[in-house]
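Listed below, chain by chain, are the residues.
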Amino acid sequence: MAGRLAGRIAVVTGGSAGIGQEIARKLSLEGADIAVADVDATDDTQGSVEGNGRRFFSAKVDVSDEAQVNAFAAEVRDALGPVDILVNNAGIVPFAGIDDVTLEQWSRTFAVNVTGAFLTAKAFLEDLKQSSAGRVINITSGSYWVSPPPFVAYISSKGALNGFTNVLAANLAEHDVTVNAVSPSLVPTAAALRSAGEAFFDMTVQMQDLKRRQSPTDVANTVAFLASDEAAFITGQILAVDGGLTRR
């Protein structure tokens, strides 16, 4: 049986591992062909996507570099065709408070987490406008609302990405392109655990109403819904998928 995204082409940035890899797997399970931009190898993601019977393309891309992003967009069109779905997932998470964060960390975090989303949206803009089901989905963070001090650059960048989500939705509404964000709790991927440590994630679970660690699948399922026709009248929303972390 065809999935909800049959015949569509999706780009996932930061799709080599963790949340991005699970998003790519889920979208392919729903019928989409997948292109991944990442600075790391994507062999595992490729195996998941092709195992679901879908086409896969990837390239090594620094999403903060305009030339690399534009070249990637052209390669995706050649390999798979015009893009219908863009998932801006690429991000970095420096673990530092205001006393310790450097200007280099701050600038690099904004370059990847915010400028990267801007550049990919620009690169695929005409594809999205021409699609009959154009979707942009940004991955932000529930930590923006609770603001743990050790993530000053990361949380600030996610606040900017929330703003970009809202204004991009307004810009693309006339083309029936929806733009939304998924705002998870802290997801204990390997990279995040290396940055923050086990104790920080245990503390986050205690702040949630649902007392378990969030999984990448929780995020991917929501992304698949927002990418589908079922969410065609939802736009400009920051959807909290965080186990009640930000309910209060």
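About the cut-offs
Residues numbered from 1 in each chain as written. Predicted model: local features only at pLDDT ≥ 70, side-chain atom pairs only at ≥ 80, totals over all residues. Heavy atoms only, no water. UniProt positions renumbered as here; feature names shortened; annotations may be inferred. Patch = residues over 30% accessible without salt bridge, like charges linked within 9 Å, V, L, I, M, F, W, Y side chains within 5 Å. Areas by Shrake-Rupley, 256 points an atom, 1.4 Å probe, with all protein chains shown as cover. Salt bridge = Lys/Arg side-chain N within 4 Å of Asp/Glu carboxyl O. Helix = DSSP H or I, 4+ residues; strand = E, 2+ residues; numbered from the N terminus. Pairing = 2+ DSSP bridges. Axes fitted to C-alpha atoms, helices over the stretch in contact; angles between N-to-C directions. Contact = heavy atoms within 4.5 Å. Buried < 20%, exposed > 50% of the residue type's maximum accessible area, 1.4 Å probe, protein only. Core = buried A, V, L, I, M, F, W, Y, C linked by side-chain atoms within 4.5 Å.

The name an unreviewed UniProt entry gives the protein is SDR family NAD(P)-dependent oxidoreductase, with Streptomyces bottropensis as the organism. Quoted straight from UniProt, the Sequence similarities (unreviewed entry) entry for the protein says "Belongs to the short-chain dehydrogenases/reductases (SDR) family."

Draft legend 1. Fine view of a nonpolar patch on the surface. Taken together, the side chains of Tyr 144, Trp 145, Val 146, Met 203 and Met 207 define a hydrophobic patch exposed on the protein surface, amounting to about 460 Å² of accessible area. In terms of residue count, helix 6 (residues 143-146) provides more of the nonpolar patch than any other element does, three residues in total. Following the sequence through the fold, Met 207 ends up in helix 9 (residues 198-207).

Draft legend 2. Molecular detail of unusual backbone geometry. One non-glycine residue, Asp 176, lies in the positive phi region at around 60 degrees. Summarising the element assignment, Asp 176 is placed in the loop between helix 7 (152-172) and strand 6 (178-184).

Draft legend 3. The sheet that holds strand 1 (residues 9-13), seen in detail. In space, the seven strands of this open sheet follow the order 3-2-1-4-5-6-7, with parallel pairing throughout. At either margin of the open sheet sits one strand with a lone partner, and together these are strand 3 (56-60) and strand 7 (238-241). Averaged over all pairs of adjacent strands, the angle between their axes in this sheet comes to 15 degrees, without regard to strand direction. Bridge count between strand 4 (residues 85-88) and strand 5 (residues 135-139): four bridges; the pairing is parallel. In the sheet register, Leu 86 faces strand 5, and the bridge partner there is Val 136. Packing of helix 1 (residues 18-29) onto the sheet brings it into contact with strand 1, strand 2 (33-38), strand 4 and strand 5, and relative to strand 1 it is tilted by some 170 degrees.

Draft legend 4. Quick peek at the pairing of strand 6. Along strand 6, seven of the seven residues are buried, which leaves the element largely enclosed by surrounding structure. Of the two faces of strand 6, both are covered, the one formed by Thr 178, Asn 180, Val 182 and Pro 184 as well as the one formed by Val 179, Ala 181 and Ser 183. Here five bridges tie strand 5 to strand 6, and the two strands are oriented parallel to one another. Across the sheet, Asn 138 pairs through a bridge with Ala 181, a residue of strand 6. Of the pairings in the sheet, the one linking strand 6 to strand 7 comprises four bridges and is parallel in character. Opposite Ala 181, over in strand 7, you have Ile 238 as the bridge partner.

Draft legend 5. Quick peek at the nonpolar core. Counting residues in hydrophobic clusters, the biggest one holds 32 residues, and the most contacted among them are Val 11, Phe 72, Val 76 and Phe 124. The set of elements that each furnish at least two residues to this core consists of strand 1, strand 2, strand 3, helix 3 (66-79), helix 4 (103-123), helix 5 (125-130) and helix 7. Among all residues touching Val 11, those that are not within four sequence positions of it are Ala 35, Phe 72, Val 76, Val 83, Ile 85, Leu 86, Val 87 and Phe 124. Listed in part, the 26 residues of the second largest apolar core include Leu 27, Ile 137, Leu 226 and Val 241.

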